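Here is what each chain is made of, one letter per residue.
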Amino acid sequence: MAEPLLVKRAGPVLRLRMNRPNLHNAFDAGLIASLTRALEAAASDQAVRVVVLEGEGASFSAGADLQWMRGMAAASEQENREDALALARLMRTLDELPRPTLARVHGPAFGGGVGLVACCDIAIGTPQARFGLTESRLGLLPAVISPYVIAAIGARQARRWFASAEAFDAQTAQRLGLLHEVVEPGALDEAVARQVALLCRAGPLAAAGAKELVRRVAHHAGDTATLDEANAALIARLRVSPEGQEGLGAFLDKREPRWAQD
């Protein structure tokens, strides 16, 4: 039996390719576990600068595997809770990964597949990509992926798409904020490579910390003085750090920083 996940390393770039093409890369316990392990390994590997998530075959990911869902429908509520927590761990690990992440969405993404796209920092798709949060057709809801999808498209839009289970195209996904860019299939790899190159030119610690800064500021509920103090402390710390000193020095000396030469 083929491995459910193909892991390929090219220098600082880690590519994770879901490899269940006959099932449109649908989730089961094995794929969820494999993705989680690969992401946790990437989080602890300082040499990894960028993670690209993609799918084999015609689809990015069709969400939950029907056979897996059939088995969970016959399981107890406690077993279903544990199963859902495994998926929640995957989504949380991807969303909070201390590395920039990029979704290469060449084809359809439904249910949990939409969740993966929403968890990535950058998402590039083709016109062939279609999306749907189809759980309500089954009397279910996209509960586990909801924090990430709502963060990507906003609460008002989520209320519509969660309830209706309506499919939408790549252009709509871009308008909603789920995709950052839509390109023709022949230009997809070039668009992905361009974003990867930009991420590799950024300071490794800065690029890794960008999402944490966004999360902290976006979710800040305290007074503005506290936020200003925290942001001032952050930039002061970065300016005197080895990475900040190298970046500023390279800029002033009109040369590439050391990390861009790796």
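Just so you know, these numbers come straight off a predicted model, no measurement behind them.

A. Broad picture of the overall build of the protein. Regarding its fold elements, the protein presents eleven helices and nine strands. The C-alpha radius of gyration of the protein comes to 19 Å, within 12% of the 18 Å expected for a compact globule of 262 residues. Its C-alpha atoms give the protein principal-axis dimensions of about 60 × 45 × 35 Å. Here the protein holds 262 residues, and the buried ones make up 43% of them.

B. Quick look at the state of the cysteines. In this structure the tally under the stated criterion is zero disulfides. Just so you know, C119 is unpaired, no disulfide at all, and the nearest cysteine sulfur is the one on C120, 7.1 Å from it. Judged by its relative accessible area of 2%, C119 falls in the buried class. Here C200 is not cross-linked by a disulfide; its sulfur's nearest cysteine counterpart is in C120, at 16 Å.

C. A look at the sheet that holds strand β3 (residues 50-55). Pairing within the open sheet is mixed, and its six strands lie in the order β1-β2-β3-β4-β6-β9. Where the open sheet ends on each side, the last strands, each with one partner, are β1 (5-10) and β9 (181-182). By the bridge criterion, six bridges tie strand β2 (residues 13-18) to β3 in an arrangement that is parallel. If you follow L16 over to β3, its bridge partner there is L53. On the sheet, helix α4 (residues 112-119) packs against β2, β3, β4 (101-105) and β6 (122-125) and is oriented at approximately 135° with respect to β4.

Procedures and definitions
Residues numbered from 1 in each chain as written. Predicted model: local features only at pLDDT ≥ 70, side-chain atom pairs only at ≥ 80, totals over all residues. Heavy atoms only, no water. Helix = DSSP H or I, 4+ residues; strand = E, 2+ residues; numbered from the N terminus. Rg over C-alpha atoms; globule rule 2.2 N^0.38 Å. Buried < 20%, exposed > 50% of the residue type's maximum accessible area, 1.4 Å probe, protein only. Disulfide = S-S within 2.5 Å. Pairing = 2+ DSSP bridges. Contact = heavy atoms within 4.5 Å. Axes fitted to C-alpha atoms, helices over the stretch in contact; angles between N-to-C directions.

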